[in-house]
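What follows is the residue order along each chain.
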Amino acid sequence: MRIFQTDAPAGGRDRLAREARDAARPGAAASTAAQDKTKRAAALLLALALACMLALVPGLAFAGADDEGDLDAPNPAAGTNADAAQSATAADDAVSLSADGASASLDGSPFALKDFSRSQVGSNSDIGGAYAGYRYFVSDEPGSLVVIAVEGLTVVYVPADTAQRAGFDAGSSESRSYLKRLLVALDAQNSKGGATLSVEGEWLFTSATEFEQDGVAYRFDQELKPGEYYVCVVGADGSDVTETSNPAHVRLTHADFATLAPAGDVEVVGAATGLAALAEFLGGIDLSPLWVTLKTTLTAIVFIFVLGLAAAYFSLRIPARAQDIADSIFTIPMVLPPTVCGFLLLLAFGKNTAVGQWFIDIGFPLIFSWQATVIAAVVVAFPLMYRNARGAFENLDPNMLDAARTLGWSNAKIFFKLMLPLSWSSIAAGTVLSFARALGEFGATLFLAGNYLGITRTIPIAIYFEWMNGNTDVAIFWTIVIMIFSFIVILFINLWSRRTTKYRRKAEA
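Residues numbered from 1 in each chain as written. Predicted model: local features only at pLDDT ≥ 70, side-chain atom pairs only at ≥ 80, totals over all residues. Heavy atoms only, no water.

**Some details on the pairing of strand β11 (residues 228-235)**
Burial within β11 is extensive, with seven of its eight residues counted as buried. The sheet contact formed by strand β5 (residues 134-139) and β11 spans five bridges and is antiparallel. From the neighbouring strand, Ser139 faces β11, where its bridge partner is Tyr229. Here strand β10 (residues 216-225) runs beside β11; their pairing, made up of seven bridges, is antiparallel. Within β11, the position partnered with Val216 by the bridge is Gly235. Counting the residues in the hairpin turn of β10 and β11 gives two residues, including Gly227, whose phi is positive at 75°. (Buried < 20%, exposed > 50% of the residue type's maximum accessible area, 1.4 Å probe, protein only. Helix = DSSP H or I, 4+ residues; strand = E, 2+ residues; numbered from the N terminus. Pairing = 2+ DSSP bridges.)

**A few points about helix α5 (residues 173-189)**
Here α5 is 17 residues long and its end C-alpha atoms lie 24 Å apart, about the 24 Å a rise of 1.5 Å per residue gives. Of all 17 residues making up α5, 15 are buried, and the element is well covered by its neighbours. In this structure Ser172 caps α5, since a side-chain oxygen of it lies 3.3 Å from the backbone nitrogen of Glu174. (Expected span 1.5 Å × (residues − 1). Polar contact = N/O pair within 3.5 Å; in protein donor to acceptor, adjacent residues only side chain to side chain.)

**Re the nonpolar core**
Of all hydrophobic cores here, the largest spans 32 residues; its most connected members are Ile304, Leu309, Phe393, Phe415 and Met419. Elements with a minimum of two residues in this core: α7 (288-315), α11 (370-394), α12 (398-406), α13 (411-439) and α16 (472-508). For this core, the leading source of residues is α11, giving ten residues. Not counting residues within four places of it along the chain, the set of residues in contact with Leu309 comprises Met385, Ala389, Phe393, Phe415, Leu420 and Ile427. Core analysis: the second largest hydrophobic core is formed by 28 residues, Leu106, Trp203, Ala258 and Leu260 among them. (Core = buried A, V, L, I, M, F, W, Y, C linked by side-chain atoms within 4.5 Å. Contact = heavy atoms within 4.5 Å.)

**Re the confidence of the model for the chain**
Confidence along the chain averages 80 in pLDDT terms, with 80% of residues attaining 70 or more. When pLDDT is averaged over each helix and strand of the chain, the minimum, 41, is found for helix α1 (residues 13-24) and the maximum, 96, for strand β6 (residues 145-150). The low-confidence segment residues 1-39 (pLDDT under 50) makes 54 contacts with residues lying over four places distant or belonging to another chain. Residue range residues 41-92 is modelled with pLDDT below 50. Its contacts to residues more than four positions away, or to other chains, number 59 contacts. (pLDDT = per-residue confidence, 0-100.)

**Things to note about the environment of Ala392**
Its place among the elements puts Ala392 in helix α11. Relative accessible area serves as the criterion here: at 8%, Ala392 is assigned to the buried category. A C-alpha to C-alpha distance of 5.4 Å links Ala392 and Ser423, two positions 31 residues apart in sequence. If near-sequence neighbours (up to four positions away) are discounted, Ala392 is found in contact with Ser423 and Ser426.

**Notes on unusual backbone geometry**
With a phi angle near 55°, Asp115 is a residue other than glycine that sits in the positive phi range. Mapped onto the elements of the fold, Asp115 is located in strand β4 (residues 111-119). Phi at Phe368 is positive, roughly 60°, even though this residue is not glycine. Relative to the helices and strands, Phe368 resides in the loop between α10 (354-361) and α11.

**Some details on the sheet that holds strand β9 (residues 210-213)**
Taken in spatial order, the four strands of this open sheet run β5-β11-β10-β9, and their pairing is antiparallel. One side of each edge strand has no neighbouring strand; the edge strands of this open sheet are β5 and β9. Strand-to-strand twist of the sheet, defined as the mean angle between neighbouring strand axes without regard to direction, takes the value 25°. (Axes fitted to C-alpha atoms, helices over the stretch in contact; angles between N-to-C directions.)

**As for the pairing of strand β7 (residues 153-157)**
Most of β7 sits inside the fold, with five of its five residues counted as buried. Sheet topology note: the β6/β7 ladder contains five bridges and is antiparallel. Each residue of the ladder has a partner; that of Val150, found in β7, is Leu153. Counting the residues between successive antiparallel strands, the hairpin from β6 to β7 contains two residues, one of them, Gly152, with a positive phi of roughly 85°.

**Some words on empty space enclosed by the protein**
Size it by volume and the largest cavity reaches roughly 60 Å³. Forming the boundary of the largest cavity are Thr293, Thr296, Thr297, Thr373, Ala377, Ala438, Leu439, Glu441, Thr445 and Thr458. Contributions of two or more residues to the lining of the largest cavity are made by α7, α11 and α13. (1 Å grid on protein atoms, 1.4 Å probe; cavity = no way out; pocket = protein on both sides within 12 Å on 5 of 7 lines; lining within 4 Å. Points joined across faces, edges and corners; volume = space filled by probe spheres on them.)

**Focus: a nonpolar patch on the surface**
Where nonpolar side chains cluster on the molecular surface, the patch consists of Val340, Phe343, Leu344, Leu347 and Phe447 and spans about 420 Å² of accessible area. The greatest single-element share of the nonpolar patch, amounting to four residues, is contributed by helix α9 (residues 338-349). (Patch = residues over 30% accessible without salt bridge, like charges linked within 9 Å, V, L, I, M, F, W, Y side chains within 5 Å. Areas by Shrake-Rupley, 256 points an atom, 1.4 Å probe, with all protein chains shown as cover. Salt bridge = Lys/Arg side-chain N within 4 Å of Asp/Glu carboxyl O.)

**Overview of the packing of aromatic side chains**
Within the structure shown, the criterion is met by 22 aromatic pairs. Ring plane angle 65° and centroid distance 5.1 Å describe the contact between Phe330 and Tyr386, whose orientation is recorded as edge-to-face. Of this pair, Phe330 sits in helix α8 (residues 320-335) while Tyr386 is found in helix α11, placing the two residues 56 residues apart along the sequence. Judged by relative accessible area, which is 0%, Tyr386 ranks as buried. Between Trp358 and Phe359, the aromatic rings sit 5.1 Å apart at their centres with planes inclined by 75°, giving edge-to-face as the arrangement. Every member of this aromatic cluster is reached through a ring pair, and the members are Tyr313, Phe314, Phe393, Phe415 and Phe416. Over the face of the ring belonging to Tyr230 we find Arg135, whose NZ or CZ atom lies 5.8 Å from the ring centre. One cation-aromatic arrangement involves Lys295 over Trp370; the distance from NZ or CZ to the ring centre is 4.7 Å. (Phe/Tyr/Trp six-rings, centres within 6.5 Å; stacked < 30°, edge-to-face > 60°. Lys NZ or Arg CZ within 6 Å of the ring centre and 35° of its normal.)

This is the structure we're talking about:
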């Protein structure tokens, strides 16, 4: 067994908005100059919003390693942050990475890497009643290059026959430098927000299938199951090194696997640029969150509209004290955190309740289904519809309603022929606001419906989990989509309000 070790030292909008508000205030003089100022302000704000969205269009960037130089010689003293950033950029340009993050090559290197993969976590359970250590699954055949990332230490296993075929010389600092730069670049591209390798710190290169370091045994190409090869990290005495109480405790961050091959045998297809990159990016996005969101929101708004109008109408026909209680019940979802609403819904419709068990018995489990996303959206957005409708009904002249009754109109006719038309502007605003609230619902939906792709994953949930998985560009895309939807909704409300205000001013004139 040969272990090569190297240590490197750690080295004027407020004014425009005010004018726009003053111009749109009911009762303000509708002069041509004021309208022009409003239009200019709206155009400016729209241009700023679009500029922000364009600035967030995802780009492609690769993170790589500094040019290591001769590993046997001490590294130069660390420079400024600007110098480090410039060095990192140069290293990025030197390493050619494939668009899928599976291959990399480097000018001057006789070898390259392909079939790269990364395991963020492994397994620590027994196999066949015996403890083999903390293990990562590598492949269904032996001979892969393996990297074990430990806090402060990087262990690289290169099988001897593979190194010979690929032209890797473990005794050459230049050869080790090439391999480190390739591994660091590929690891950074596939990290998805996790820990990454660094050329700094201690690196160990070995071709032995087993060796020990500081009381820790690293075992490679271990066929723990038929046709399944693993890498295992275990104490030299067979103990669990992931236990903090173990004297040989190590903190494992992740593991990388790749195939080392001659540079001529590895084809590195780079990422597209410009419009081609944008088209490729859009073509690779799963649009199911958009369809789930639209389907959920459009279905929910029907229930919200009907239930909101019904609740507002009947809450005005009960005694005053009862009205206060009913109003508090109908409004409380608007002030509770969405996660609290989701938790209460989960308690109400879970399998441990009569309602939840009834749905299960009829073969229609409600929790973690698409219907659950509708229920969550209805509950959190209902108060907006209710408050707008009730406020509109309260502002109606009661004498006019009494006059209609004296003419023999029924309550249903009064509601549909008189109350709804006179209150329609407020009801429409409440409907649009409820639609926007249901569109952006996250907390209650995640609690009640979960995160199932194509079933319950809405756009807000997709943003959160894409970001958590390191897919920041996809998260930015969905953020822009939800911002555009919200902008359209707010613009619709403003246009509707302006139209209603003009109608009322003409009627008053």
